[in-house]
Amino acid sequence: MSENLDAVRLKGLDYLKASFGEEAVERAIRYAGDFTVEVPAWQFWQGFGGGGRFDSRGGGGAARNTVEIAEDAGLVHRLTGSTPQVGMHVLWFFSEDGLTGETKIAHRVAAEMKAQGVSLGSVSPTYFLAGSGDGSLSSQDKNTRQRYIEQTILAAWIAAELGNGSLSLWFPDGTNYPGQRYLQDKISLLAKGLSTFWERTPQAVRAKLDRVMVEYKLFEPGTYSTTVPDWGTARELARIFGNQGAVLVDLGHHPHDTNVEQIVAGLIASRVRGGFHFNSRYAADDDHSVQADYQMSRLFSELLKGNVVFNPDPSANWSFALDQMARSEERIPSILKSVDALKRSIGRAALLDSEKLRALQSGQDLIGANVEFERSLLHSDTGPLVMESYCRKGLHPVPLIAYQESGYQKQIEELRAG
Ligand code: PSV
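Residues numbered from 1 in each chain as written. Predicted model: local features only at pLDDT ≥ 70, side-chain atom pairs only at ≥ 80, totals over all residues. Heavy atoms only, no water.

## Re the packing of aromatic side chains
Working step 1: Taken as a whole and assessed by the stated rule, the structure comprises 19 aromatic pairs.
Working step 2: On the basis of an interplanar angle of 50 degrees and a centroid distance of 5.9 Å, the ring pair of Trp-42 and Trp-92 is categorised as tilted. Of this pair, Trp-42 sits in helix α3 (residues 41-44) while Trp-92 sits in helix α5 (residues 90-93); the two residues are 50 residues apart in sequence, bridging distant segments of the chain.
Working step 3: Overall, Trp-42 belongs to the buried group, its relative accessible area being 7%.
Working step 4: Using a relative accessible area of 13% as the deciding quantity, one classes Trp-92 as buried.
Working step 5: Taking the centre distance of 5.2 Å and the plane angle of 70 degrees together, the rings of Trp-92 and Phe-128 count as edge-to-face. Here Trp-92, found in helix α5, pairs with Phe-128, found in the loop between β3 (119-124) and α7 (142-161); they are 36 residues apart in sequence, far enough to count as distant.
Working step 6: A network of ring pairs unites the aromatic residues Phe-35, Phe-276, Phe-278, Phe-300, Trp-318 and Phe-320 as a single cluster.
Working step 7: Positioned above the aromatic ring of Tyr-148, the side-chain terminus of Arg-147 is 4.5 Å from the ring centre.
Working step 8: Above the ring of Tyr-294, the side-chain terminus of Arg-298 is found at 4.4 Å from the ring centroid. (Phe/Tyr/Trp six-rings, centres within 6.5 Å; stacked < 30°, edge-to-face > 60°. Helix = DSSP H or I, 4+ residues; strand = E, 2+ residues; numbered from the N terminus. Buried < 20%, exposed > 50% of the residue type's maximum accessible area, 1.4 Å probe, protein only. Lys NZ or Arg CZ within 6 Å of the ring centre and 35° of its normal.)

## Points about the pattern of salt bridges
Working step 1: Within the structure shown, the criterion is met by 24 salt bridges.
Working step 2: Where Glu-112 meets Arg-108, a salt bridge forms, and the shortest distance between an N and an O atom there is 3.0 Å. A residue pair is termed a helical-turn pair when its members lie 3 or 4 positions apart in one helix, as Glu-112 and Arg-108 do in helix α6 (residues 103-115) at four residues.
Working step 3: A residue is classified by how much of its surface remains accessible, and Glu-112, at 15% relative accessible area, is buried.
Working step 4: For Arg-108, a relative accessible area of 44% puts it in the partly exposed group.
Working step 5: Two residues, Arg-273 and Asp-210, come together in a salt bridge whose shortest N-O distance is 2.9 Å. Here Arg-273, found in strand β9 (residues 273-278), pairs with Asp-210, found in the loop between α9 (203-208) and β6 (211-215); they are 63 residues apart in sequence, far enough to count as distant. (Salt bridge = Lys/Arg side-chain N within 4 Å of Asp/Glu carboxyl O.)

## A word on the pairing of strand β4 (residues 166-169)
Working step 1: Residues Ser-166 and Ser-168 point to one face of β4 and Leu-167 and Leu-169 to the other, with burial holding for every one of them.
Working step 2: Direction of pairing for β4 relative to β6: parallel, over a ladder of four bridges. Bridge pairing links Ser-166 to Arg-211 in β6. (Pairing = 2+ DSSP bridges.)

## Section: α6
Working step 1: With 13 residues, α6 extends 18 Å from end C-alpha to end C-alpha; this agrees with the ideal 18 Å at 1.5 Å per step.
Working step 2: Among the residues of α6, Ile-105, Ala-106, Val-109, Ala-110, Glu-112 and Met-113 are the ones counted as buried. Projection of α6 onto a plane perpendicular to its axis shows the buried side chains occupying an angular sector of 160 degrees, all on one side. For α6, exposure combined with an orientation more than 90 degrees from the buried face picks out Lys-104, Lys-114 and Ala-115.
Working step 3: Looking at the buried positions of α6, the neighbouring elements they touch are α4 (66-80), β2 (85-89), α5, β3 and α7.
Working step 4: Phi turns positive, to about 80 degrees, at Gly-117, one or two residues after α6. (Expected span 1.5 Å × (residues − 1). Arc of directions from axis to C-beta. Contact = heavy atoms within 4.5 Å.)

## What to know about a nonpolar patch on the surface
Working step 1: Where nonpolar side chains cluster on the molecular surface, the patch consists of Leu-366, Ile-367 and Val-371 and spans about 330 Å² of accessible area.
Working step 2: Checked against the element boundaries, Val-371 lands in helix α15 (residues 366-377).
Working step 3: Its relative accessible area of 48% is what places Val-371 among the partly exposed residues. (Patch = residues over 30% accessible without salt bridge, like charges linked within 9 Å, V, L, I, M, F, W, Y side chains within 5 Å. Areas by Shrake-Rupley, 256 points an atom, 1.4 Å probe, with all protein chains shown as cover.)

## Examining unusual backbone geometry
Glycine aside, the phi torsion of most residues is negative, and most peptide linkages are trans.
Working step 1: Residues Glu-220 and Pro-221 are joined by a peptide bond in cis, for which omega reads 0 degrees.
Working step 2: As for its placement among the helices and strands, Pro-221 is situated in the loop between β6 and β7 (225-226).
Working step 3: Here the phi dihedral of Glu-220 falls at roughly 70 degrees; this positive angle occurs in a residue that is not glycine.
Working step 4: Within the secondary structure, Glu-220 is located in the loop between β6 and β7.
Working step 5: The backbone phi angle of Asp-257 is positive, close to 70 degrees, even though this residue is not glycine.
Working step 6: Assignment of secondary structure puts Asp-257 in the loop between β8 (245-250) and α11 (260-269).

## Notes on the packing of helix α12 (residues 294-305) against helix α13 (residues 331-351)
Working step 1: With their axes 8 Å apart at the nearest point, α12 and α13 run at an angle of 60 degrees to one another. It follows that α12 is oblique to α13 by the angle criterion. Crossing handedness for the pair α12 and α13: right-handed. Contacts between α12 and α13 involve Met-296, Ser-297, Phe-300, Ser-301 and Leu-304 from the first element and Leu-342, Ser-345, Ile-346, Arg-348, Ala-349 and Ala-350 from the second.
Working step 2: A class-by-class count of the residues in the contact of α12 with α13 yields seven nonpolar, three polar and one charged. (Axes fitted to C-alpha atoms, helices over the stretch in contact; angles between N-to-C directions. Parallel < 35°, antiparallel > 145°, perpendicular 65-115°, else oblique. Left-handed = near helix turned anticlockwise from the far one by under 90°. Nonpolar A, V, L, I, M, F, W, Y, C, P; charged D, E, K, R; others polar.)

Encoded structure:
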């Protein structure tokens, strides 16, 4: 098998060099190798149902607790060398009762991650568990709002002290029927709650935070209205946090066929800081693994063009995380597949001959520009250069195969059964 892989890698690289030139291929190998992405703790975990949301077929061996999540995340990072951080939800992973987060538990989980060679990444306060039926920060109940403000302050502290400095906010706030609530009340309360959170967060914590990301979602769980439905609303709310405010783009939160790269391009051009939750929206949400499709390459093309991936100034870079949770599949292969898809996509974007494209654009050669764009972003097979990027790190050229050959899946299925 590995001899065959070597042949595929080497012949594939020859083909790519002949098509795009040595320099472009080297750049693409470097970008594919250097690209890192945060993995979501919840993907490894058995506690949360998702994937065609409520599907529970298959996918044995899910982690039962944070120690096992750390083991799985550590393994994924050892196989890929590209997933050093793990995204966390306070009320899922740092709480006994799902209502209050505890710093003691956060410290313990951070140590569990460290023991496996990974660390805490972005932190989400978790606004969608018990008691948020009428919303979180937009609830009519003062105590509920208060509880979630406290929760957000705590999440900020954890993100600043134990995580990567990114606070990630997604609100399940919305309504099921017209008239259920005044929509203006909901958005005003939510904005007020965020302002109060920010005012009350100690300056030392605020200073250590890199960014506060506001995520939007067109639908769900509210079936009639969603309080933060689009990037514009998220942008307005992010202003509360000044230079630290950012918009989080989650691919699964748009209608099918939305031109998400147009949204991303607009945010970058307006110098709005950003973050990404990668997934595919086949489930009309964030449940499925990333697809290395044309759109994913186009997104990376905008990100590279905007210099928000490998910018030497880290604050200029967007933050990149996977957000997937499908119960119907084996968890670790699903993550490995996503990492591979992202690397293939950034590789395609890196192959683009931007000078040639510019010349075609200047000459208003619409079809010529489109053909040139598609040559790298749609038609190229970047698998061989992704393999090469792994080989250069001393890793197996295909982490998914290394995983399948390791016997780990069988081991966790037996060990964690029941
Ligand atoms: C909401 O659907 C979401 O996309 C948010 O990012 C949450 O943090 C994540 O999924 C997990 O439910």
